Amino acid sequence: MDVATIGLIEDEDILLDLASLSLSHLDHESTDIAPYLERLEEIEDRVCDEGRTAVLSRERAAVLSRVLHGEFRFVGDTETYDAPVNGDFSCVLDRKRGLPIALSILYVAMARRAGWSAYVLNLPGHVLVQIGENSPVVIDPFAGGCLVSEGKIRAICRAYLGEEGDASALNVVRMSNRDVLARLLNNQAVRAENDNDPHRALAVYQRITQIAPGVLDAWQKLARLQLAFNDVAGARASLFAMSEVSPDKKTRDRIMDAFEALGSARPVSL
């Protein structure tokens with residue numbers, strides 16, 4: 001999947017694993033992508049073979065865990081969690097270790113390749129995967145695809161939100177394909193900033209705005225970095241683009257105030 005088209009096609013037409021691989025290839029342009037495509041097809045074949053009689057969501061979840069974790073040994077990297085390779089999809093396929101979002105992409109993609117309903121679920125500080133529409137189950141790819149109870153979901157929410165996490169646990173959100181890819185890239189950008197590599201962070205935020213232009217936070221962070229590099233024209237362009245996709249007038253007005261300030265001598269904070 002060509003990266004330039006991801007931001008233009010309908011969200012439901014985005015193939016998460018191929019899109020993630022295309023984004024990864026931007027950082028490994030001299031690497032042959034064919035072996036990774038073959039690996040994904042190999043995993044697909046095993047999931048489809050093992051899951052040919054699986055009907056219930058729980059059965060399909062068990063197939064995914066058995067194949068991806070049991071056979072191919074994919075699991076979360078608990079030892080070097082913050083390593084940049086954990087958010088790089090081709091590296092995840094090589095190392096069979098990764099962040100929750102990268103592994104969730106793999107699980108959801110393989111479920112969909114098998115013709116099953118699957119979604120990445122957004123929780124505070126974590127992502128999980130839902131398998132099925134009717135009587136769905138939730139699994140944790142970072143923990144080898146194990147089943148996650150409602151009580152566990154509540155506990156995850158409480159760990160980040162306090163006691164009000166109980167209410168949030170009942171409203172766990174299915175992420176759109178674009179939001180999933182944006183979250184994968186945002187992990188890369190945050191790690192680049194933490195490693196004092198603003199050039200890398202700038203490049204990654206640019207990718208987010210290209211594939212998911214509706215993610216306002218990416219535009220803001222991109223403008224902030226552009227301004228840090230004295231690229232005022234670039235920062236103004238980012239703010240203007242941000243205003244174009246802003247969902248409400250109050251936010252648009254605030255963005256345009258910053259846009260106008262950048263065109264004058266007034267100080268601006270992004």
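Residues numbered from 1 in each chain as written. Predicted model: local features only at pLDDT ≥ 70, side-chain atom pairs only at ≥ 80, totals over all residues. Heavy atoms only, no water.

A. Representation of the nonpolar core within the structure. Ranked by size, the top nonpolar core spans 69 residues in total, and within it Leu64 and Ile131 carry the most contacts. Non-local contacts of leucine 64, meaning those with residues more than four positions away in its chain, are made with Val47, His69, Tyr107, Met110, Ala111, Trp116, Ile131 and Ile139. Within the second largest apolar cluster, eight residues are counted, among which are Leu121, Ile153, Ile156 and Cys157. (Core = buried A, V, L, I, M, F, W, Y, C linked by side-chain atoms within 4.5 Å. Buried < 20%, exposed > 50% of the residue type's maximum accessible area, 1.4 Å probe, protein only. Contact = heavy atoms within 4.5 Å.)

B. A look at the sheet that holds strand β6 (residues 146-147). Read across the sheet, five strands follow the order β6-β5-β4-β3-β7 without closing on themselves; strand pairing throughout is antiparallel. Edge positions in the sheet fall to β6 and β7 (173-174), since each of these pairs with one other strand and no more. Both strand β4 (residues 126-131) and strand β5 (residues 137-140) contribute to a ladder of three bridges, which runs antiparallel. Its bridge partner lying in β5, isoleucine 131 is registered against valine 137. Sitting on the sheet, helix α6 (residues 100-113) is in contact with β3 (118-123), β4 and β5, with an inclination near 10° to β4. This element, helix α7 (residues 150-161), spans β3, β4 and β5 of the sheet and lies at about 160° to β4. (Pairing = 2+ DSSP bridges. Helix = DSSP H or I, 4+ residues; strand = E, 2+ residues; numbered from the N terminus. Axes fitted to C-alpha atoms, helices over the stretch in contact; angles between N-to-C directions.)

C. Main features of the pairing of β5. Burial of the side chains of β5 extends over both faces: Val137 and Ile139 are buried on one face and Val138 and Asp140 on the other. Counting the residues that bridge the hairpin from β4 to β5 gives five residues, and of these glycine 132 lies at a positive phi of roughly 95°. Inspection of the sheet shows β5 paired to β6 by two bridges, in the antiparallel sense. Bridge pairing in β6 links isoleucine 139 to leucine 147. Connecting the antiparallel pair β5 and β6 is a turn made up of five residues, with glycine 144 showing a positive phi of about 80°.

D. Layout of the packing of aromatic side chains. Scanning the entire structure with this criterion turns up two aromatic pairs. Seen in terms of ring centroids, tyrosine 81 and phenylalanine 142 are 5.7 Å apart; in terms of plane orientation they differ by 75°. Their pairing is edge-to-face. Of this pair, tyrosine 81 sits in the loop between β1 (75-76) and α5 (89-95) while phenylalanine 142 sits in the loop between β5 and β6, and the two are 61 residues apart along the sequence. Seen from the ring of phenylalanine 259, arginine 236 lies directly overhead, with NZ or CZ sitting 3.9 Å from the centre. (Phe/Tyr/Trp six-rings, centres within 6.5 Å; stacked < 30°, edge-to-face > 60°. Lys NZ or Arg CZ within 6 Å of the ring centre and 35° of its normal.)

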